There are 6 protein chains.
Amino acid sequence: MEFFYTYKSIETALPLVDVENAKFAILGIPFDGTTSYKPGARFGPTLIRQGTVNLESYILDYDIDLAELNIADIGDLEVVAGNPLQTVKMGIETIRELKEANPNVIPIILGGEHSMTYAPVKALMPKSYVVFDAHLDLRDEYESNPWNHACVARRISELGVEIAEFGIRSGIREEVEYAKEKGITWVHAREYSVERFKEVVKDLPEPVYVSIDIDAFDLSMVPSTGTPEAGGLRFWEVIEALEWLVKNKRIVGFDIMEVAGMEIGDVTALTGAKLLFYFIGMMEKFGKP
Amino acid sequence: MEFFYTYKSIETALPLVDVENAKFAILGIPFDGTTSYKPGARFGPTLIRQGTVNLESYILDYDIDLAELNIADIGDLEVVAGNPLQTVKMGIETIRELKEANPNVIPIILGGEHSMTYAPVKALMPKSYVVFDAHLDLRDEYESNPWNHACVARRISELGVEIAEFGIRSGIREEVEYAKEKGITWVHAREYSVERFKEVVKDLPEPVYVSIDIDAFDLSMVPSTGTPEAGGLRFWEVIEALEWLVKNKRIVGFDIMEVAGMEIGDVTALTGAKLLFYFIGMMEKFGKP
Amino acid sequence: MEFFYTYKSIETALPLVDVENAKFAILGIPFDGTTSYKPGARFGPTLIRQGTVNLESYILDYDIDLAELNIADIGDLEVVAGNPLQTVKMGIETIRELKEANPNVIPIILGGEHSMTYAPVKALMPKSYVVFDAHLDLRDEYESNPWNHACVARRISELGVEIAEFGIRSGIREEVEYAKEKGITWVHAREYSVERFKEVVKDLPEPVYVSIDIDAFDLSMVPSTGTPEAGGLRFWEVIEALEWLVKNKRIVGFDIMEVAGMEIGDVTALTGAKLLFYFIGMMEKFGKP
Amino acid sequence: MEFFYTYKSIETALPLVDVENAKFAILGIPFDGTTSYKPGARFGPTLIRQGTVNLESYILDYDIDLAELNIADIGDLEVVAGNPLQTVKMGIETIRELKEANPNVIPIILGGEHSMTYAPVKALMPKSYVVFDAHLDLRDEYESNPWNHACVARRISELGVEIAEFGIRSGIREEVEYAKEKGITWVHAREYSVERFKEVVKDLPEPVYVSIDIDAFDLSMVPSTGTPEAGGLRFWEVIEALEWLVKNKRIVGFDIMEVAGMEIGDVTALTGAKLLFYFIGMMEKFGKP
Amino acid sequence: MEFFYTYKSIETALPLVDVENAKFAILGIPFDGTTSYKPGARFGPTLIRQGTVNLESYILDYDIDLAELNIADIGDLEVVAGNPLQTVKMGIETIRELKEANPNVIPIILGGEHSMTYAPVKALMPKSYVVFDAHLDLRDEYESNPWNHACVARRISELGVEIAEFGIRSGIREEVEYAKEKGITWVHAREYSVERFKEVVKDLPEPVYVSIDIDAFDLSMVPSTGTPEAGGLRFWEVIEALEWLVKNKRIVGFDIMEVAGMEIGDVTALTGAKLLFYFIGMMEKFGKP
Amino acid sequence: MEFFYTYKSIETALPLVDVENAKFAILGIPFDGTTSYKPGARFGPTLIRQGTVNLESYILDYDIDLAELNIADIGDLEVVAGNPLQTVKMGIETIRELKEANPNVIPIILGGEHSMTYAPVKALMPKSYVVFDAHLDLRDEYESNPWNHACVARRISELGVEIAEFGIRSGIREEVEYAKEKGITWVHAREYSVERFKEVVKDLPEPVYVSIDIDAFDLSMVPSTGTPEAGGLRFWEVIEALEWLVKNKRIVGFDIMEVAGMEIGDVTALTGAKLLFYFIGMMEKFGKP
Ligand SMILES: [Mn+2]
Ligand SMILES: [Mn+2]
Ligand SMILES: [Mn+2]
Ligand SMILES: [Mn+2]
Ligand SMILES: [Mn+2]
Ligand SMILES: [Mn+2]
Ligand SMILES: [Mn+2]
Ligand SMILES: [Mn+2]
Ligand SMILES: [Mn+2]
Ligand SMILES: [Mn+2]
Ligand SMILES: [Mn+2]
Ligand SMILES: [Mn+2]
């Protein structure tokens, strides 16, 4: 598939298959043109993939070896520096082509800014959008730009997708009001628990798209993200929620966004890499067809 | 007010007012001449203020927008490198002038070493001193110096102020004995809880000065402080204690000390910045007049 | 002048005057939305200004004390993340207003990406543009964007300004051909000398705008810039050229662009800060009225 | 004892005694030739010892001052770069000579890679091996090398020593099967609690050797270790388990392995240093003779 | 060619061809098991390739666009951690297979430790070995290991290959004597000049293998190499020597070794990447068939 | 000699002798309480000594092996944080005791701040003081403190010692006037050459004390010093001057000051370490008795 721009990136430390034979297909979107604070999400896909070298392909919790699964890595989208909208459009088209090449494949996006999540959601059109994030991302625009990362959940809401947000600890009044008006449920990091997650998610319509803004985790685990926030979630309380979700809802796509930094072995990327492997493992083990 | 030395610093990412109209006034004290281990607290005020750019001015938990409040930032004290006592004296004088200019203003100090906390306490003369710290800071002197950061709580105790300490996990026998003799209550980080905090604090006389040595938090959240210690507190268990305190006791001053490092976006500074915004927010929302 | 957005930035370690009384006025443009490789030029203005704390205000070479001069610092332009063209337009307007407020003031821009240099050039309309850079910056567009930093010299050329470039060691065939066609002289870093500089510059029409892309220097001096290149210039061979230029040509504006990084005291910023002080010193000492 | 190679290292910030008079003897093994991911464990012993400067010698929890104890520091083993087996052999011989010089001394090893733990275990021949680790370390070989750090628990198992592992969150199927076959109990980090620890450990035969692979802790506390893993243990839940163990079982040796990095004051080393002091303190306070 | 282990690495930012059609073939050898001081050469191949994203594919000096050439990238050798000899053997075999697949291809090795250079030299059997290095690398063994990086020139000398070394500023008496005995010419960094280079090299027999230990450059340009040394060479004085060599001698292989570090955009890797592009460019422009 | 405080430091990678038998004795003074800009000189002695592990003990240029010389390392002075004068006094006393123990020994001081150089000069009372520095250090006081590092050459001048300074590129008018008045020659970095050095130094009275403020070197070689300055000296042009000086003047003491930072292997420390080895080597080879 010659329309992908793979030469800047790296593959995960896994044996890979062609898209046609894949159950999962990884795509990087190394865009960071609208980052508000700490730049470097452009290196997220490379750092996460490189970080998988740190991991065993076997997931102890599930008795699943990712090296035995059918996973494709289609490289990185050719982004347009300084133009989020055009990059998103290319992302939509790419994911559509991916699904045409293999309608059963589950796309896994590695960011890059959260703004890029619009691409898989638009291409896959789930009924629900479940997101872990420190931020509501419900602004109408930010710095005059509706395609800023701080607006992505609003844009997705405008597609008619139902939204539930977890780990929230930052937002503005306008976003709170919008959420109220549109019936978007969000759970503050202070009130988050796996039980609370289940209560909120259990009635969401299927299929579901799942997005992880890495800043949902505590800033001590993800120091190299665009906008790190104190008071975040811990690893297992996200994994346990995802396990429940995967068992109970059909998932059509997944992403890990906002990993940034420039250092190989940065804990932000290692957290992202481990999450990637767990997600694939739990989908294989428990995934609802 | 020409006695402030502002040109080395930066202002927070907030609209500001004059001291005369302010409810809160921020002052940096970038002194780090007696740091025991990791230097760099001189950059603390700059890094915390710069770190506020990472944050929304709106506090989700309180429905308060700091951009709508009356906050002044009077810059940094002109410190005397290598002379903590002289710097403290200038700090006392500055805070007194600040209170003369506006008797209702609540000073918020950004450090700099913990030794500098003596300045606002001496100037404001609270009845009680509530501090979060990994260290007792009750030494009579350290390296022949009674104005070392490891002695600040002792100096404050000698002013007749009642003291309660939380998050403690380092000290020496002499300090433990002094605390016992003087009736200073301290709670080990292993035994800390918001309930324990309330029990200890509820009978303290008002008004109260509140000091946060950033090393009270777990070293994973604050790697760039003078003496990071494993086994520290987490963000919300400090916030919840502060909320209770603000609701139940009159607060006359607040500080965030020992943020160090040289890197913009260091998680230590971002933790400090978020704490700063939460403190102002909770004072506005719940503060006892 | 309320149209400037100063609260995110910091001032240099100099006593300052109002724009109306200033001979020099510093403006930061913290934009880095189109950076090709290493992000972080958004922190350039803050890091350069902070880096001036490292310096004496007295310039030994000229017996000039910058603390005795009339210098204004008007803060940072409010940039639009992810939109270089809109940011450039605001920059043009701001510099025009600055010149209206004080027609004699010499603007000094601190970047931020090199793309932003279009703003002062367009506002000041010099006859010549003298630039130190590792890159030709003569592309018609880059990643579909004519306002990318790699196109800035081309855009300036299209204004009818004569161009001379020094320290060049990167470009593409298209740029070489464009330079040839338009009579743009460029001197490779391998062939650079102060003598060669004089030969090229001596016949340029006045007034002159001078731009320093910090990557003109050897990558060992400027590790934290967008696209560091080995084989660059050294400090004094740039200073000596600038001294000759300032003595022999009327200068209407100056900038230091592409300082990036996130660390206080990074040598990139310290090189930029020293260059800033030398430029002001030599203008005062030798500047052609 | 001239057989130690001390000149590359540093001593802890404690007053020291000769081996003959010591209750505890510290030995560094700065080997990192088989590290899988992040190198630098060679600097572990230096960084941990240097990190003790950050600490009080008094342990608040035990009312014990390490400065009053008899502790020797015999420097670092002269490692053979790129040859783990030969280095392990030298380690065995060194620890044997140490025990001959003083049969009552308790060796404390600072690593270096986990592979080096074979040396004290072989030299001290405990009945049980209790280890905190993110990894099972039960591979038969790794990269064709049976002396790789990923095989150390297997090698120790082959000595007939009983094994219990805590904090595990990485391994492969072969290791799980080997553990099952040999009756090795391991507790996943998700299921770890001090209660669970006691249940597993209470029936182990004495004496016990205790090994801490620093990667057992959450990666936010130990970013600079060879293979950091998300979802790890926190400081007090390890300390409380060790306290129980020390009270209830005779301990013959202890190590802190896999501290890496190159930065003085790295939180990884500070976590290791604090653990070192706590271990000595609890052995003095509660240690079963 | 399934015998290469590519999944840990990354390709350069160039369009690539198959080995069969290639004029140049890049192979990474990410081994660093015997590094004496600063570890991390395992990341050298990844960091150099990633660093090519910083560069234009067009070489201004030669009017050559690398994007138009036939270059293959065969990934990284599967190294055996902690076993340099076995890794070297696999390297020899791999390069032999590469030459069998395409006898005209010029292998370009990216290290990894300098010890690995033995592999291409043994496989290609040049008559002469021209090396830029801070170190003589003529020890018989180092830490009991004849395959340590400090022995590589000695091992190559034992193959009967003539040797000339440039940029030297570190060695021991034994090495100086060996060089004298075997007629190995070495030029101290203090005495290095392009003229001196030509004098030494002009009589060497062809074909020639060229090796660059990146530590030949001044430590300010290459801070992240295994053993950085002050007083090193600058970029153009190496490039000019290489240009002369390429014009006057037939080259059969080339390598860039000892790039280490963990940071994307580290100047060490950027220096290596630029050297890689220049070497390919000059071979295309001036290379003696 | 129990008056030294050795336990916080590290020894160089050299076999050592007792002070009584030593020709050279190394003393660290890890004081950094008055640092103006970048802190961390407290780690200078540790980092320089640790950096010697990077070096061969054999000096190629002199055919001298430092491992065969009589060198003592007496550890670090116990500094008083925040009190430069008291620390200097202890330094004077220590160096006097050192000379009493062995009148022929040549003290070599590793800093720590330049202020500490007053101690060896006062203790050794040379006739001349030759210093490489970016700064004049001739202020009467700085921040009200006459013992600040910026005053050290002035304090030494007041002892009646003749002074020559090289590599200068920072100072204030007062310092220039003082130098003129007192006949202190200083050579700007722009005008520095070995020839110029010889002209200035040749008539200085003996014996001579030599001080290297590491910031004399270009900031690209010494990024981690208190006040790095662009436009500095290169390694060999300092070494060649020192060689001439050692051959022609009797040297009574030597220091390397202002190495800072927190990272093992930082190029600043490696530059200092190499300079240390060269100085000892040239004293042994050429030193005037
Ligand atoms: Mn988001
Ligand atoms: Mn977010
Ligand atoms: Mn404190
Ligand atoms: Mn503290
Ligand atoms: Mn440019
Ligand atoms: Mn450029
Ligand atoms: Mn282990
Ligand atoms: Mn492990
Ligand atoms: Mn070499
Ligand atoms: Mn070398
Ligand atoms: Mn100095
Ligand atoms: Mn200096």
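Only a predicted model underlies this, so the values are computations on that prediction, with no experimental measurement involved.

1. With respect to the arrangement of the chains
Inference 1: Separating chain C from chain D is a minimum C-alpha gap of 16 Å, and the two share no contact.
Inference 2: Across all C-alpha pairs, the smallest distance from chain A to chain F is 16 Å, and the two are not in contact.

2. Topic: the sheet that holds strand 4 (residues 71-76) of chain D
Residue and element names in this part refer to chain D.
Inference 1: One open sheet accounts for eight strands, arranged 4-1-5-10-9-6-7-8; its pairing is parallel. Since the sheet does not close on itself, it has two edges, and those belong to strand 4 and strand 8 (185-188), each with one partner. The mean angle between the axes of side-by-side strands here comes to 15°, regardless of whether they run parallel or antiparallel.
Inference 2: Of the pairings in the sheet, the one linking strand 1 (residues 24-29) to strand 5 (residues 106-111) comprises six bridges and is parallel in character. Looking at strand 5, one finds that F24 is bridged to I106.
Inference 3: Helix 6 (residues 194-201) rests against strand 6 (128-132), strand 7 (162-168) and strand 8 of the sheet, and its axis sits at about 170° to strand 7.

3. Some remarks on the relation of the copies chain F and chain E
Inference 1: Of the two same-sequence chains, chain F is brought onto chain E (RMSD 0.0 Å, axial shift 0.0 Å) by a rotation of 120°. The transformation relating the two chain copies, once decomposed into turn and shift, fits a three-fold axis. Of the C-alpha atoms belonging to chain F, the one lying closest to the rotation axis is found on S220 of chain F, 3.1 Å away.
Inference 2: The two copies present different faces, since only 7% of the interface residues in chain F are matched by interface residues at the equivalent positions in chain E.

4. A few points about the interface of chain A and chain B
Inference 1: On the chain B side, the residues contacting the 26 residues of chain A number 28 residues.
Inference 2: Both faces considered, chain A and chain B share a buried interface measuring about 2100 Å² in area, 51% of it formed by carbon and sulfur atoms.
Inference 3: Area buried by chain A at its contact with chain B is led by Y37, R173 and R190 of chain A, which between them contribute 36% of it.
Inference 4: In this structure, the connection of chain A to chain B is made through eight salt bridges.
Inference 5: Across the salt bridge formed by R234 of chain B and D218 of chain A, the nearest N and O atoms sit 2.9 Å from each other.
Inference 6: Counting across the chain A and chain B interface gives 13 residue pairs in polar contact (both at pLDDT 80 or more).
Inference 7: Contributing elements (two or more residues each) for the side of chain A that touches chain B: helix 5 (173-182) and strand 8 (185-188) of chain A.
Inference 8: Residues of the side of chain A that touches chain B, tallied by class, amount to eleven nonpolar, seven polar and eight charged.

5. Things to note about the packing of helix 7 (residues 235-248) of chain A against helix 8 (residues 267-286) of chain A
Residues and elements named next belong to chain A.
Inference 1: At their nearest, the axes of helix 7 and helix 8 sit 10 Å apart, and the two run at 25° to each other. Considering their axes alone, helix 7 and helix 8 lie roughly parallel with respect to each other. Here helix 7 runs over helix 8; the crossing is right-handed. Here F235, W236, I239, L242, E243, V246 and K247 of helix 7 come into contact with helix 8, specifically with T271, K274, L275, Y278, F279, M282, M283 and F286.
Inference 2: Tallied by class, the residues present in the contact of helix 7 with helix 8 amount to eleven nonpolar, one polar and three charged.

6. Quick look at the coordination of the manganese ion (ligand 3)
Residue and element names in this part refer to chain B.
Inference 1: On the protein side, the manganese ion (ligand 3) has H114 (ND1), D133 (OD), D137 (OD) and D213 (OD) as donor atoms, found 2.1 to 2.2 Å from it.
Inference 2: Mapped onto the sequence, the residues coordinating the manganese ion (ligand 3) show the spacing H-x18-D-x3-D-x75-D.
Inference 3: Between the manganese ion (ligand 3) and the manganese ion (ligand 4) the interatomic distance amounts to 3.2 Å, and D133 serves as a bridging ligand to the pair. Accessibility classification places D133 together with D137 in one group, the buried group.

7. With respect to the coordination of the manganese ion (ligand 11)
Residue and element names in this part refer to chain F.
Inference 1: The manganese ion (ligand 11) binds to the protein through H114 (ND1), D133 (OD), D137 (OD) and D213 (OD), with metal-donor distances spanning 2.1 to 2.2 Å.
Inference 2: Each donor residue of the manganese ion (ligand 11) belongs to the same chain, and together they define the spacing H-x18-D-x3-D-x75-D.
Inference 3: The exposure class assigned to H114 is buried, which follows from its relative accessible area of 0%.

8. Digging into the interface of chain F and chain E
Inference 1: Taken together, the 28 residues of chain F in the interface contact 26 residues of chain E.
Inference 2: Between chain F and chain E lies a buried interface of about 2100 Å² when both sides are counted; carbon and sulfur atoms form 51% of it.
Inference 3: Sorting the residues of chain F by area buried against chain E places N54, E56 and L60 of chain F first, and these three jointly supply 30% of that buried surface.
Inference 4: Run the count over chain F and chain E and you get eight salt bridges.
Inference 5: Summed over the shared surface of chain F and chain E, the result is 13 residue pairs in polar contact (both at pLDDT 80 or more).
Inference 6: Mapped onto the side of chain F that touches chain E, the elements with two or more residues apiece are helix 1 (44-51), strand 3 (64-65), helix 7 (235-248) and helix 8 (267-286) of chain F.
Inference 7: Of the residues in the side of chain F that touches chain E, the class split is 13 nonpolar, six polar and nine charged.

9. Remarks on the UniProt feature "binding site: Mn(2+)" (unreviewed entry) in chain A
All names here are of chain A.
Inference 1: Here, UniProt's "binding site: Mn(2+)" (unreviewed entry) annotation points to H114, D133, H135, D137, D213 and D215. Annotated residues spanning 102 residues; largest pairwise C-alpha distance 12.2 Å, indicating a single compact cluster.
Inference 2: By the element assignment, D133 lies in the loop between strand 6 (128-132) and helix 4 (152-157).
Inference 3: Among all residues touching D133, those that are not within four sequence positions of it are H114, F166, G167, I168, D213, D215 and A216.
Inference 4: Among the polar contacts made by the side chain of D133, one reaches the main-chain amide nitrogen of H135 at a distance of 2.8 Å.
Inference 5: Of note, D137 is situated in the loop between strand 6 and helix 4.
Inference 6: Residue class for D137 comes out buried when judged on its relative accessible area of 5%.

10. Some remarks on the relation of the copies chain A and chain B
Inference 1: Structural alignment of chain A on chain B gives an RMSD of 0.0 Å, achieved by rotating through 120° and translating 0.0 Å along the axis.
Inference 2: Looking at chain A, a mere 8% of its interface residues are interface residues in chain B too, so the copies touch through different faces.

11. Quick word on the packing of helix 1 (residues 44-51) of chain E against helix 8 (residues 267-286) of chain E
All names here are of chain E.
Inference 1: For the pair helix 1 and helix 8, the least separation of the axes is 8 Å and the interaxial angle reads 65°. On the basis of their axis angle, the class for helix 1 and helix 8 is roughly perpendicular. When the axes of helix 1 and helix 8 are compared, the crossing they make is right-handed. Across from L47, I48 and G51 in helix 1, the residues of helix 8 making contact are A269, L270, G272, A273 and L276.

12. Comments concerning the pattern of salt bridges
Inference 1: For the structure shown, the criterion picks out 132 salt bridges over all chains.
Inference 2: Of the charged contacts in the structure, one is a salt bridge between E158 of chain D and R155 of chain D, with a shortest N-O distance of 3.0 Å.
Inference 3: Since its relative accessible area comes to 46%, E158 of chain D is described here as partly exposed.
Inference 4: Residue classification places R155 of chain D among the buried positions, given a relative accessible area of 7%.
Inference 5: A network of salt bridges, in which partner residues are shared, links D218 and R234 of chain A, D218 and R234 of chain B together with D218 and R234 of chain D.

What counts and what doesn't
Residues numbered from 1 in each chain as written. Chains lettered and ligands numbered in written order. Predicted model: local features only at pLDDT ≥ 70, side-chain atom pairs only at ≥ 80, totals over all residues. Heavy atoms only, no water. Contact = heavy atoms within 4.5 Å. Pairing = 2+ DSSP bridges. Helix = DSSP H or I, 4+ residues; strand = E, 2+ residues; numbered from the N terminus. Axes fitted to C-alpha atoms, helices over the stretch in contact; angles between N-to-C directions. Least-squares fit on C-alpha atoms with pLDDT ≥ 70 in both. Buried area = accessible area lost by both parts, 1.4 Å probe. Salt bridge = Lys/Arg side-chain N within 4 Å of Asp/Glu carboxyl O. Polar contact = N/O pair within 3.5 Å; in protein donor to acceptor, adjacent residues only side chain to side chain. Nonpolar A, V, L, I, M, F, W, Y, C, P; charged D, E, K, R; others polar. Parallel < 35°, antiparallel > 145°, perpendicular 65-115°, else oblique. Left-handed = near helix turned anticlockwise from the far one by under 90°. Donors = N, O, S within 2.8 Å, 3.2 Å for Na, K, Ca; no water. Buried < 20%, exposed > 50% of the residue type's maximum accessible area, 1.4 Å probe, protein only. UniProt positions renumbered as here; feature names shortened; annotations may be inferred.

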